[in-house]
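# Chain and residue survey
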Amino acid sequence: TPQPEHFEACRPHLLAQLQLINPTYFLLVGNSALYAAGVTTKITATRGKVWQAGDRDYSATWHPAAVLRDPDKKQQFFSDVQAFREVTLNKGVVT
């Protein structure tokens, strides 16, 4: 798991990539991705929901490693990814 100093060291690179790519949709995978995006709640409270910040849509789900450690999360993971896919399809994004 990345430590806060790792996030800070990588933040300028991440922000530069985001500025270049300018994505509209984010699927945040695991607590580390939530933290990097500035979300203060844990994945257990956030997963499966879609929210907007600015002109971007966000959703979150379990990290695949968490699914491998706990197979009970597998169905939630796939449901979350499918729900996020539906959001992008309904807004005209080709996947």
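The preceding data block contains the structure.
Notes on the structure follow. (Residues numbered from 1 in each chain as written. Predicted model: local features only at pLDDT ≥ 70, side-chain atom pairs only at ≥ 80, totals over all residues. Heavy atoms only, no water.)

### A short note on the environment of Lys49
Let me state the cut-off plainly: For helices the rule is a DSSP run of H or I covering at least 4 residues; for strands it is a run of E covering at least 2, with both sets numbered from the N terminus onward. Whether two residues are in contact is decided by their heavy atoms: any pair within 4.5 Å suffices. Pairs of N or O atoms within 3.5 Å make up the polar contacts considered here, provided that, within protein, one atom can donate a hydrogen while the other can accept it, and that residues adjacent in sequence are counted only when both atoms are side-chain atoms.
Its place among the elements puts Lys49 in the loop between helix H3 (43-46) and strand S2 (50-53). Linking Lys49 and Gln17, residues 32 residues apart in sequence, is a C-alpha distance of 25 Å. Ignoring any residue separated from it by four or fewer positions in sequence, one finds Lys49 in contact with Tyr58, Ser59 and Ala60. At 2.8 Å, the side chain of Lys49 and the backbone oxygen of Ala45 are in polar contact.

### What about helix H5 (residues 74-90)?
Put simply, the test is: Here the expected length of a helix is defined as 1.5 Å per residue gap, with one fewer gap than residues. With a 1.4 Å probe rolled over the protein chains alone, any residue whose accessible area is under 20% of its type maximum counts as buried; one over 50% counts as exposed, and the rest are partly exposed. Directions drawn from the helix axis to the C-beta atoms are what define this arc.
In this model H5 runs 24 Å from its N-terminal to its C-terminal C-alpha over 17 residues, within 8% of the 24 Å that 1.5 Å per residue would give. Those residues of H5 that sit buried are Phe77, Asp80, Phe84, Val87 and Thr88. One side of H5 carries all its buried residues, which in axial view fall inside an arc of 95°. Facing away from the buried side of H5 by over 90 degrees, the exposed positions are Gln75 and Asn90. Looking at the buried residues of H5, the elements they touch are strand S1 (25-29), S2, strand S3 (56-61) and helix H4 (64-69).

### Let's talk about the nonpolar core
Quick note on the threshold: The set of buried Ala, Val, Leu, Ile, Met, Phe, Trp, Tyr and Cys residues whose side-chain atoms join them within 4.5 Å is what this entry labels a nonpolar core.
Of all hydrophobic cores here, the largest spans nine residues; its members are Phe26, Leu28, Leu34, Ile43, Tyr58, Ala60, Trp62, Val67 and Phe77. Of all the secondary structure elements, the ones that give two or more residues to this core are S1 and S3.

### Notes on unusual backbone geometry
Positive phi, close to 50°, is recorded for Asn22, a residue that is not glycine. By the secondary structure assignment, Asn22 is in the loop between helix H1 (4-21) and S1. The exposure class assigned to Asn22 is partly exposed, which follows from its relative accessible area of 49%.

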